[in-house]
Amino acid sequence: MPVRKNFLCKITELDDPSSKSFQIKIGRKNTDIFLVRKNDQVFAYQDICPHAQAPLEWNPDEFLDENKENIICAMHGARFTIEDGNCISGPCSGSALTPVELELVDGNVFYTPS
């Protein structure tokens, strides 16, 4: 049985760098996620801080710091690398965001459940 792809957006809908939130189903549960586009790559993570267990989003579609170099937690300012979600400063140092599998096909971004 082929894996079902869930369309999220076109890559051109994301500035470089920028972020955007979505809600998807993981299993039977609705889950908030976000995409980050950086250097024509797209990364996706669940929208939950591994330390505070709270959403990272500052304002709608805002997950990046002022320089758009790192993901930042709205709750306590922990910073995470865009490329792998590792915490590089804050109370959850050594932890990481939960990645979400994506597939890019012809400029379209899909969530592909495993």
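Details of the structure are given in the entry above.
Procedures and definitions
Residues numbered from 1 in each chain as written. Predicted model: local features only at pLDDT ≥ 70, side-chain atom pairs only at ≥ 80, totals over all residues. Heavy atoms only, no water. Phe/Tyr/Trp six-rings, centres within 6.5 Å; stacked < 30°, edge-to-face > 60°. Helix = DSSP H or I, 4+ residues; strand = E, 2+ residues; numbered from the N terminus. Buried < 20%, exposed > 50% of the residue type's maximum accessible area, 1.4 Å probe, protein only. Pairing = 2+ DSSP bridges. Salt bridge = Lys/Arg side-chain N within 4 Å of Asp/Glu carboxyl O. Axes fitted to C-alpha atoms, helices over the stretch in contact; angles between N-to-C directions.

1. Considering the packing of aromatic side chains
So, step 1. Evaluated as defined, the whole model comprises three aromatic pairs.
So, step 2. Aromatic pair F34 and Y45: ring centres 5.9 Å apart, planes at 40 degrees, arrangement tilted. Separated by eleven residues along the polypeptide, F34 in strand β3 (residues 29–38) and Y45 in strand β4 (residues 41–46) bring together distant segments of the chain. Per residue, the accessibility class of F34 equals that of Y45, and both read buried.

2. Re the pairing of strand β8 (residues 102–105)
So, step 1. Note: β8 against strand β9 (residues 108–111), four bridges, orientation antiparallel. Note on β9: the bridge partner recorded for L104 is V109.

3. Side note on the pattern of salt bridges
Opposite charge on two side chains permits pairing when their charged atoms draw close.
So, step 1. Under the defined criterion, the tally for this structure stands at six salt bridges.
So, step 2. Among the salt bridges present, the one from R37 reaches D40, with a minimum N-O distance of 2.3 Å.
So, step 3. A relative accessible area of 12% means that R37 is categorised as buried.
So, step 4. K38 is the partner of E83 in a salt bridge, and the nearest nitrogen-oxygen pair spans 2.9 Å. Of this pair, E83 sits in the loop between β6 (79–81) and β7 (87–89) while K38 sits in strand β3; the two residues are 45 residues apart in sequence, bridging distant segments of the chain.
So, step 5. Residues joined in a network through salt bridges with shared partners are D16, R37 and D40.

4. A closer look at the sheet that holds β6
So, step 1. Taken in spatial order, the three strands make up an open sheet running β5-β6-β7, and their pairing is antiparallel. What marks the edges here is a single partner per strand, and that holds for β5 (70–72) and β7. Each strand of the sheet is rotated relative to its neighbour by a mean of 40 degrees, with strand direction disregarded.
So, step 2. Pairing between β6 and β7: two bridges, direction antiparallel.

Scope: geometric values only; no functional claims are made or implied.
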